[in-house]
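Observations on the model geometry
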Amino acid sequence: MSANFKILLTIGLIALVSGGVFASIKYNQRGIVDVQTGRVVRQDLVASVTASGEIKPKNYINLGANTIVPAPITEILVKEGDHVHKGQVVAKMESVQANADVVAQRASIDTSLADSAASEAALKSQADGVTTARATLEKNKAELARTKSNFDRATELYNAKLLAKQDFEQKKAEYDTAVAAIGEADARLSQAEAQEAQARQQLASAQKRIAQLQANLDRYKDILEKYDVTAPIDGIVTNLPVRTGETVVPGVQNSAASTIMTIADMSVITAEVKVDETDIVNVTLGQAAEVTIDAIPNHTFHGHVTEIGNTAILRSSGVAASQSNTSDQEAKDFKVVVALDDPPEDIRPGLSCTGRIVTATKPRVLTIPIQALTVRQRGDLEPKKPNAVQAASNVDPVAEKAKKQELQGVFMIRDGKAEFVPVTTGITGATDIEVLSGLKDNDQIITGTYKIIRTLRNFAKVKVNNQVVTPTSES
């Protein structure tokens, strides 16, 4: 045997032994999964809801035309960005017909006032006539009493043949004349009282007509005043889409032809955001919020929740779900209004913003990364029995249902194996979630990768590899 052959044989034996050792190592490492781990830590946890929306004043009013018919704008007294006060005239509209109605109505009132004055004078004259007639009647009654006394004495004297017949007949004629005068005076008094009553009715009618005309004048004046557009609140003109000479159509809501301008009360600025339906249950009035405005970068504004909408809004159309004719299960949002505590002076309505509403805060609680949390069916956690084949007739429905129960938990490393541990959780932060039970401080848990946690089996062999993993290696 030559020396070269011995060398080659020795090298072959070494290679064979090395290959056997390598194969043995690889065989023992089969099924081992590389995992990333983390620790259960105790920290302050803040749960929040993030939503986008726009800046709006708390109170703003779109001024439109209150006229009966369309009318052109004759004068605009403000410009966009001006401060206005409640009751200030901000625009005027053509009011020729309305003003003519007011003038005509005032003339009618003047005429009716003159008629009323005439009726009042006539009533006074008739009242004087009644007084005169009543005095005449009283005079005639006194004359009747006198003539009757004379007639009675004349009758006695005539019967005693102490008075001539001619004198007796004269006294009788005087008495008859006094009786007739009483009837005439009484008739004239009745006539005067009737005329007074008629004059009184004419005066009342004239006064009622004046009241009616005055009511119509108030109506026409109100119509005329509506041709002057006034500011209903103190605020700033934030939108002025019309120009002098354009015609404004009254009574058409949400129409470009019916809006003269928008006045906003900028004393209270709000961020109106749309919160997802899955998060709205955690939002309550008074919760603190942080608002960032796209037009003002690198600055965060603080505020609090002042209004929570009760009607779901379809995300695709922005229409309230109750007003939609479709019944599809598309995503919905709810309106939430956040009042800013420290709005900047140069803020404008309509700016895009993002609100972060703090829904809960807990100090020094046990937390784990959100990605470590996973869900498994109870049956998948039980160890698989080799060659275990069960007849379909022996399947227990209750046991099978129990096996399909979903459990929430994490994987811990124990003796080189991944062991599923059920946990109960509390509030959720941006990257971490609170653990209420199942883990204790500083426990080691598997945190990645997401693909491995999703497919990892209970009691699988694992090896810790906490090197930074690139996104491509996790896909």
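1. Comments concerning the overall build of the protein chain
A tally of helices and strands in the protein chain yields seven helices and 21 strands. Every one of the 475 residues in the protein chain was classed for burial, and the buried ones make up 30%. If you take every contact in the protein chain between residues at least 6 apart in sequence, the share linking residues at least 24 apart comes to 78%.

2. A short note on the pairing of strand β9 (residues 259-276)
Note: strand β2 (residues 41-64) against β9, twelve bridges, orientation antiparallel. Looking at the pairing, tyrosine 60 lines up with alanine 264 of β9. Relative to β9, strand β7 (residues 235-239) runs antiparallel, the two being bridged by three bridges. Within β9, the residue paired with valine 237 across the bridge is isoleucine 263. Of the strand pairs in this sheet, β9 and strand β13 (residues 332-340) are connected by seven bridges, and their pairing is antiparallel. Considered in β13, the bridge of lysine 274 is made with lysine 335.

3. A look at helix α2 (residues 96-159)
For α2, built from 64 residues, the straight-helix expectation of 94 Å at 1.5 Å per residue is met to within 8% by its first-to-last C-alpha distance of 93 Å. Count one or two residues on from α2 and you reach lysine 161, which has phi positive near 55°.

4. Notes on the pattern of salt bridges
All told, the structure shown has 19 salt bridges when counted by the stated rule. Here aspartate 276 ties to arginine 315 by a salt bridge, and the two come within 2.5 Å at their closest N and O atoms. With aspartate 276 in strand β9 and arginine 315 in the loop between β12 (313-314) and β13, this residue pair connects regions lying 39 residues apart in the sequence. Taking the relative accessible area as the measure of exposure, aspartate 276 reaches 23% and is therefore partly exposed. In this structure, the salt-bridge partner of glutamate 419 is arginine 414, at a minimum N-O distance of 3.1 Å. Since its relative accessible area comes to 23%, glutamate 419 is described here as partly exposed.

5. With respect to the sheet that holds strand β8 (residues 247-248)
Taken together, the four strands give an open sheet; going across it, the order is β6-β5-β3-β8, and neighbouring strands pair in antiparallel fashion. Only two strands of the sheet have a single partner each, and these edge strands are β6 (228-230) and β8. Direction of pairing for strand β5 (residues 89-93) relative to β6: antiparallel, over a ladder of three bridges. Residue pairing across strands places lysine 92 opposite aspartate 228, the latter belonging to β6.

6. Points about the environment of lysine 141
If you trace the backbone, lysine 141 turns up in helix α2. Taking relative accessible area as the criterion, lysine 141 reaches 42% and is therefore assigned partly exposed. Sequence spacing of lysine 141 and glycine 183 is 42 residues, and the spatial spacing of their C-alpha atoms is 9.9 Å.

7. Considering the environment of asparagine 140
Looking at the element boundaries, asparagine 140 is found in helix α2. Along the backbone, asparagine 140 and alanine 180 are 40 residues apart, and their C-alpha atoms lie at a distance of 9.4 Å. The contacts of asparagine 140, once residues within four sequence positions are left out, are Ala181, Ile182 and Ala185.

8. What to know about unusual backbone geometry
Outside of glycine, negative phi angles account for most residues, and trans bonds account for most peptide bonds. Going from glycine 448 to threonine 449, the amide bond is cis rather than trans, its omega being -5°. Here threonine 449 lies in the loop between β20 (444-448) and α6 (450-455). Backbone geometry places arginine 364, a non-glycine residue, at a positive phi of 50°. Note that arginine 364 resides in strand β14 (residues 352-369). On the accessibility criterion, arginine 364 (51% relative accessible area) is exposed. At asparagine 442, a residue that is not glycine, the phi angle is positive and equals roughly 75°. Relative to the assigned elements, asparagine 442 resides in the loop between β19 (432-437) and β20. For asparagine 442, a relative accessible area of 49% puts it in the partly exposed group.

9. A short note on the pairing of β14
Here β2 runs beside β14; their pairing, made up of 13 bridges, is antiparallel. Opposite serine 48, over in β14, you have valine 358 as the bridge partner. Alignment of β14 against β19, held across three bridges, turns out to be antiparallel. The residue bridging threonine 367 from the neighbouring strand is glutamate 434, located in β19.

10. Section: the packing of α2 against helix α3 (residues 165-225)
Packing of α2 against α3 leaves a shortest axis separation of 6 Å and a crossing angle of 165°. When the axes of α2 and α3 are compared, the pair comes out roughly antiparallel. Here α2 and α3 pass one another in a crossing that is left-handed.

11. Quick notes on the side chain of aspartate 82
Looking at the secondary structure, you find aspartate 82 in the loop between β3 (71-76) and β4 (83-84). Within the structure, the side chain of aspartate 82 is placed 2.9 Å from the backbone nitrogen of lysine 79, a separation counted as a polar contact. Discounting residues that sit within four places of it in the chain, aspartate 82 has contacts with Gly235, Ile236 and Val237.

12. Observations regarding the confidence of the model for the protein chain
Mean pLDDT over the protein chain stands at 85; residues scoring 70 or higher make up 87%. Highest mean pLDDT in the protein chain belongs to strand β10 (residues 288-293) (95); lowest belongs to helix α7 (residues 471-474) (46). Considering only residues more than four positions removed or in separate chains, one finds that residues 21-29, a stretch of pLDDT under 50, has one contact. Confidence drops under a pLDDT of 50 for residues 471-475, and excluding neighbours within four residues, the segment shows five contacts in the predicted structure.

Calculation rules
Residues numbered from 1 in each chain as written. Predicted model: local features only at pLDDT ≥ 70, side-chain atom pairs only at ≥ 80, totals over all residues. Heavy atoms only, no water. Helix = DSSP H or I, 4+ residues; strand = E, 2+ residues; numbered from the N terminus. Buried < 20%, exposed > 50% of the residue type's maximum accessible area, 1.4 Å probe, protein only. Contact = heavy atoms within 4.5 Å. Pairing = 2+ DSSP bridges. Expected span 1.5 Å × (residues − 1). Salt bridge = Lys/Arg side-chain N within 4 Å of Asp/Glu carboxyl O. Axes fitted to C-alpha atoms, helices over the stretch in contact; angles between N-to-C directions. Parallel < 35°, antiparallel > 145°, perpendicular 65-115°, else oblique. Left-handed = near helix turned anticlockwise from the far one by under 90°. Polar contact = N/O pair within 3.5 Å; in protein donor to acceptor, adjacent residues only side chain to side chain. pLDDT = per-residue confidence, 0-100.

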